Amino acid sequence: KPYWRITRDSSILPSDTANELVTPVLRLNSVDDSNKLEKVIGIIADNGGRVNETCGLHVHHSVQGYSPKDLCQMLMHYSFFSPALKKLVTMSRKYSDYARPLDLTAWGHVLDPNMFRYNNFLSYVESDYTTRYGYWSRECVVNMSSVYRHRTVEFREHHSTLQPDVVTHWVRLTKAFMDSSKNSDYNLLDRGHCEDLEYMLTRLHLSKKDTAFFLNRAERLKNCPEDDNEIHEENYANVGEPYNDDY
């Protein structure tokens, strides 16, 4: 929808104050959109809005311009680097029922790029079978059912935050995974580096500035393993950065 809105969310506790901010489509290369996001987050924080360990950050990227083979490659990349990605989120998101890990072994030939067909893919993600057994569950760290519903891929792994720069860096990272489907071959990944965050960031062709941000972020989370401490910091809005891509 082309407007900002706040809706109820039954997955958040405590339930009497459980609300979710839903943004319109924003563009990462728009300073205006960047300023709007920062302003809205600031308003929420200034008026007593807070996040806790039951909240999450959900980012949607359009699938326009991405083939079924591209989406297949993206899923395999994201699944491969799952151990590295866990270093960038709080403990509550690592074991959240609303950010379940990908299990590519359950999908078998569905992920064979040579057999992938867009129409079949849409039918597959919408089928009762996958809803029942969760192969493309909307509560996985990457929600592929949104391809059918919204023509987007939804990334659900990150914890919630009131820090605009944390949001924009995570958006850039997830967009890099989308783009990796076009310019990086999954079969060329070094199987011994799935936990190596720096290797992941290099393979995703992130800037030096983004790479430094995520390495520092991982170090801070490692030294601050308790959710309460990290979530406390996430409740204070800070100055964001200009967007540099579309999402």
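Residues numbered from 1 in each chain as written. Predicted model: local features only at pLDDT ≥ 70, side-chain atom pairs only at ≥ 80, totals over all residues. Heavy atoms only, no water.

Novice: Honestly, the overall build of the protein chain in this entry has me stumped. Any pointers?
Specialist: What the protein chain contains, in helices and strands, is 11 helices and five strands. Here the protein chain holds 247 residues, and the buried ones make up 49% of them. In the protein chain, the share of contacts with a sequence separation of at least 24, taken over all contacts with a separation of at least 6, comes to 73%. For the protein chain, the computed accessible surface area is about 12700 Å², with 49% contributed by carbon and sulfur atoms. (Helix = DSSP H or I, 4+ residues; strand = E, 2+ residues; numbered from the N terminus. Buried < 20%, exposed > 50% of the residue type's maximum accessible area, 1.4 Å probe, protein only. Contact = heavy atoms within 4.5 Å. Areas by Shrake-Rupley, 256 points an atom, 1.4 Å probe, with all protein chains shown as cover.)

Novice: Can you walk me through the side chain of Asp-70 in this structure?
Specialist: By secondary structure assignment, the location of Asp-70 is in helix H2 (residues 68–80). With residues up to four places along the chain from it excluded, the contact list for Asp-70 reads Gly-65, Ser-181 and Lys-182.

Novice: Is there a simple way to explain unusual backbone geometry in this structure?
Specialist: When glycine is set aside, most residues are seen to have a negative phi, and most peptide bonds are trans. In this model, Arg-151 sits at a positive phi of 60°, which is unusual for a non-glycine residue. As for its position among the elements, Arg-151 is in the loop between helix H7 (145–150) and strand S5 (152–155). In the Ramachandran plot, His-205 falls in the positive-phi region, its phi being about 60° despite a non-glycine side chain. Mapped onto the fold, His-205 is located in the loop between helix H9 (197–203) and helix H10 (208–222).

Novice: Quick question: what am I supposed to make of the packing of helix H8 (residues 164–183) against H10 here?
Specialist: At a minimum axis separation of 11 Å, H8 and H10 run at an interaxial angle of 115°. Between H8 and H10, the interaxial angle falls into the category roughly perpendicular. The handedness of the crossing between H8 and H10 is left-handed. In this structure, H8 contributes Asp-165, Val-166, His-169, Trp-170, Arg-172 and Leu-173 to the contact, and H10 contributes Asp-210, Phe-213, Phe-214 and Arg-217. (Axes fitted to C-alpha atoms, helices over the stretch in contact; angles between N-to-C directions. Parallel < 35°, antiparallel > 145°, perpendicular 65-115°, else oblique. Left-handed = near helix turned anticlockwise from the far one by under 90°.)

Novice: Honestly, the sheet that holds S5 in this entry has me stumped. Any pointers?
Specialist: By way of backbone hydrogen bonds, the strands of a sheet pair with one another, either parallel or antiparallel. Here we have three strands laid out as an open sheet, ordered S3-S5-S4, and antiparallel in their pairing. The open sheet has two free edges, formed respectively by strand S3 (59–62) and strand S4 (142–143), since each of these has just one partner strand. Pairing analysis gives four bridges linking S3 to S5, with the strands arranged antiparallel. In the sheet register, His-60 faces S5, and the bridge partner there is Glu-154. Running over the sheet, H8 touches S3 and S5 and is turned about 40° from S3. (Pairing = 2+ DSSP bridges.)

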